[in-house]
Amino acid sequence: MKINKSGVWGEIFAARYLRDNGYKIITGNFRSRMGEIDLVAQKGKYMCFVEVKTRGEDSLYEAKEAVDFAKQERLISTSKLFMKAYPNDKQPRFDVCEVYLDAEYKPLKINYIENAFTETV
């Protein structure tokens, strides 16, 4: 099995970005039968479920475009299982962290999108 180094590095840089901006990292790679959440972080009244998307500097598409409706639904379902397993009084929020890397896996740009999508009722 080939490991996606850029994805691993993207998650590392995203976690560092969150810590540097006042977030507390709760866990990484939370898995359930519904899917996986890259990072779960807390800031203020929010429990942030963060999808990290990593791209190279020559990417034709913005990283956030990979978080389509089906992916959003899986993230929402997984977040509900997290909140049930770890009850708290925080408001859930769904964020996307775009990480752009150069050929040596060094970060070129990080674009953090708070409240990137919401649960549709």
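Residues numbered from 1 in each chain as written. Predicted model: local features only at pLDDT ≥ 70, side-chain atom pairs only at ≥ 80, totals over all residues. Heavy atoms only, no water.

A few words now on the overall build of the protein. Across its full length, the protein carries two helices and five strands. On C-alpha atoms alone, the protein measures out to a radius of gyration of 14 Å, which is about the 14 Å that the 2.2 N^0.38 rule sets for 121 residues. Taking the principal axes of its C-alpha atoms as reference, the protein extends roughly 40 × 30 × 25 Å. Classification of the 121 residues of the protein by burial places 36% in the buried group. Approximately 7500 Å² of the protein is accessible, and the part contributed by carbon and sulfur atoms is 50%. (Helix = DSSP H or I, 4+ residues; strand = E, 2+ residues; numbered from the N terminus. Rg over C-alpha atoms; globule rule 2.2 N^0.38 Å. Buried < 20%, exposed > 50% of the residue type's maximum accessible area, 1.4 Å probe, protein only. Areas by Shrake-Rupley, 256 points an atom, 1.4 Å probe, with all protein chains shown as cover.)

For the structure on display, the rule yields nine aromatic pairs. With 5.0 Å between their ring centres and 85° between their planes, Phe30 and Phe82 make a pair best called edge-to-face. Taken together, the residues Phe30 in strand E1 (residues 24-32) and Phe82 in helix H2 (residues 69-85) connect sequence positions 52 residues apart. Residue classification places Phe30 among the buried residues on the basis of a relative accessible area of 14%. Measuring from ring centre to ring centre gives 6.5 Å for Phe30 and Tyr86, while their planes differ by 75°; the resulting arrangement is edge-to-face. Pair noted here: Phe30 is in strand E1 and Tyr86 is in the loop between H2 and strand E4 (91-101), with a separation of 56 residues, a long-range link. The partly exposed category is assigned to Tyr86, whose relative accessible area is 47%. In this structure an aromatic cluster arises from ring pairing among Phe30, Phe49, Phe82, Tyr86, Phe94 and Phe117. Over the ring of Tyr46 we find Arg93; its NZ or CZ atom is 4.8 Å from the centre of that ring. (Phe/Tyr/Trp six-rings, centres within 6.5 Å; stacked < 30°, edge-to-face > 60°. Lys NZ or Arg CZ within 6 Å of the ring centre and 35° of its normal.)

Taken as a whole and judged by the stated rule, the model has zero disulfides. Of all cysteine sulfurs, the one in Cys97 lies closest to Cys48, which takes part in no disulfide; the gap is 12 Å. Cys48 gets classed as buried once you look at its relative accessible area, which sits at 0%. You can call Cys97 buried: its relative accessible area is 1%. (Disulfide = S-S within 2.5 Å.)

Taken by themselves, the reported measurements are silent on function.
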